Amino acid sequence: MIKCISYKLTNKHMYQAKTFTIPELKGISKKSLDEHIKLYEGYVKHTNLILSKITEIGADETKAYELSEAQRRFGFEFDGMKNHELYFSAFEGGAQNLSEVVLKNAIEKEWGSFEAWFARFKTVAKTRGVGWAILYYDKSADKLLNAWVDEQHLGHLTGLTPVLALDMWEHSFVADYQPSGKPQYIEDFFANLNWTKIEENYNKAVN
Ligand SMILES: [Fe+2]
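A. Main features of the sheet that holds strand S2 (residues 143-150). Within the open sheet, the three strands sit side by side as S2-S1-S3. Their pairing is antiparallel. With one partner strand each, in any of the chains shown, S2 and strand S3 (161-167) form the two edges of the open sheet. Each strand of the sheet is rotated relative to its neighbour by a mean of 20°, with strand direction disregarded. In terms of strand pairing, strand S1 (residues 131-138) meets S3 through six bridges, oriented antiparallel. Looking across to S3, one finds that Ala-133 is bridged to Leu-166. Helix H2 (residues 64-89) contacts S1 and S3 of the sheet and is inclined by roughly 80° relative to S3.

B. How the structure looks around the packing of helix H3 (residues 102-111) against helix H7 (residues 195-206). Where H3 contacts H7, the two axes come as close as 9 Å, and the packing angle between them is 75°. What the angle tells us is that H3 and H7 run roughly perpendicular. Along the contact surface, H3 presents Val-102, Leu-103 and Ala-106, while H7 presents Trp-195, Ile-198, Glu-199, Tyr-202 and Asn-203. Grouping the amino acids of the contact of H3 with H7 by side-chain chemistry returns six nonpolar, one polar and one charged.

C. The arrangement of the pattern of salt bridges in detail. Applying the stated criterion across every chain, the model contains 11 salt bridges. Among the salt bridges present, the one from Glu-92 reaches Lys-197, with a minimum N-O distance of 3.7 Å. One end of the pair, Glu-92, is in the loop between H2 and H3; the other, Lys-197, is in helix H7, and 105 residues separate them in sequence. Classification of Glu-92 as buried rests on a relative accessible area of 15%. The partner of Glu-108 in a salt bridge is Lys-104, and the shortest N-O contact between them spans 3.4 Å. Pair noted here: Glu-108 and Lys-104 are both in helix H3, with a separation of four residues, about one helical turn. Residue class for Glu-108 comes out partly exposed when judged on its relative accessible area of 30%. A single salt-bridge network, built from bridges that share partners, covers Glu-100, Lys-104 and Glu-108.

D. Molecular detail of helix H4 (residues 114-125). With 12 residues, H4 extends 16 Å from end C-alpha to end C-alpha; this agrees with the ideal 16 Å at 1.5 Å per step. Here the buried face of H4 lies against H3, S1, S2, S3, helix H6 (182-192) and H7.

E. Seen up close, the packing of aromatic side chains. The full count for this structure, using the stated rule, is 27 aromatic pairs. Their ring planes at 35° and their centres at 5.1 Å tell us that Trp-117 and Phe-121 sit as a pair that is tilted. Of the two residues, Trp-117 and Phe-121 are both situated in helix H4; the distance of four residues between them amounts to about one turn of the helix. On the numbers, 5.1 Å between centres and 85° between planes, the contact of Phe-189 with Phe-190 is edge-to-face. Note on accessibility: Phe-189 and Phe-190 belong to one class, buried. Sitting above the plane of the Phe-118 ring, Lys-122 keeps its charged end 4.0 Å from the centroid.

F. Expanded view of the coordination of the iron ion. Coordination sphere of the iron ion, protein contribution only: His-36 (NE2), His-84 (NE2), Asp-167 (OD) and His-171 (NE2), at 1.9 to 2.1 Å. For the iron ion, the four donor atoms in the first shell make angles of 87 to 141° at the metal, so the coordination geometry reads as irregular. In the primary sequence, the donor residues of the iron ion line up as H-x47-H-x82-D-x3-H. The exposure class assigned to Asp-167 is buried, which follows from its relative accessible area of 0%.

G. Expanded view of the side chain of His-36. Looking at the secondary structure, you find His-36 in helix H1 (residues 30-57). On the basis of relative accessible area, His-36 is assigned to the buried category, the value being 3%. Within the structure, His-36 has its side chain in polar contact with the side chain of His-171 (distance 3.1 Å). In contact with His-36, not counting residues within four places along its chain, are His-84, Tyr-87, Phe-88, Asp-167, His-171 and Ser-172.

Rules behind the numbers
- Residues numbered from 1 in each chain as written.
- Predicted model: local features only at pLDDT ≥ 70, side-chain atom pairs only at ≥ 80, totals over all residues.
- Heavy atoms only, no water.
- Pairing = 2+ DSSP bridges.
- Helix = DSSP H or I, 4+ residues; strand = E, 2+ residues; numbered from the N terminus.
- Axes fitted to C-alpha atoms, helices over the stretch in contact; angles between N-to-C directions.
- Contact = heavy atoms within 4.5 Å.
- Parallel < 35°, antiparallel > 145°, perpendicular 65-115°, else oblique.
- Nonpolar A, V, L, I, M, F, W, Y, C, P; charged D, E, K, R; others polar.
- Salt bridge = Lys/Arg side-chain N within 4 Å of Asp/Glu carboxyl O.
- Buried < 20%, exposed > 50% of the residue type's maximum accessible area, 1.4 Å probe, protein only.
- Expected span 1.5 Å × (residues − 1).
- Phe/Tyr/Trp six-rings, centres within 6.5 Å; stacked < 30°, edge-to-face > 60°.
- Lys NZ or Arg CZ within 6 Å of the ring centre and 35° of its normal.
- Donors = N, O, S within 2.8 Å, 3.2 Å for Na, K, Ca; no water.
- Tetrahedral: all angles 85-135°; square planar, octahedral: opposite > 155°, others 65-115°.
- Polar contact = N/O pair within 3.5 Å; in protein donor to acceptor, adjacent residues only side chain to side chain.

As structure tokens, then:
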């Protein structure tokens, strides 16, 4: 007979919502940013709720369906939390240009020029549907990759580190730009971006 081992979920197992110090942004209003951060906090809350639910259900075989549904939804909430942390933190400290060193060299090595990568990434961001355009670093191949992630979690590249994440859900731009303003939102995202943060993400992923 298999003995079921249960454990109690405590605060140390829970995720805490982060706070972000974001200056005034070009194009993206404080009101929509505040609303967006509330959505992020919802992802943190639901990540913790699902973790609690999974623990509560435990090894009760009569609740296998509930457990598998909770487990299935976990990636959506967890990745929603993590994607948004990458997105908001990239605005902290205000807009800073990409420096002429490590990350720029890596982008040029991969795509030939920064401009070629930039055009490609913006095309990825315009993918129809809701999701994310993400620049990843693959340490195993010392390689950068662009990807589109549907919703929060469908299409993430296993084992790779996200370095830059652009939220392309309508909630991130419709209030300020209208649905037809998606291209301008993408331009303003990059105008507001603190590339120093992205370089830090890249350096952490490489080292
Ligand atoms: Fe979002």
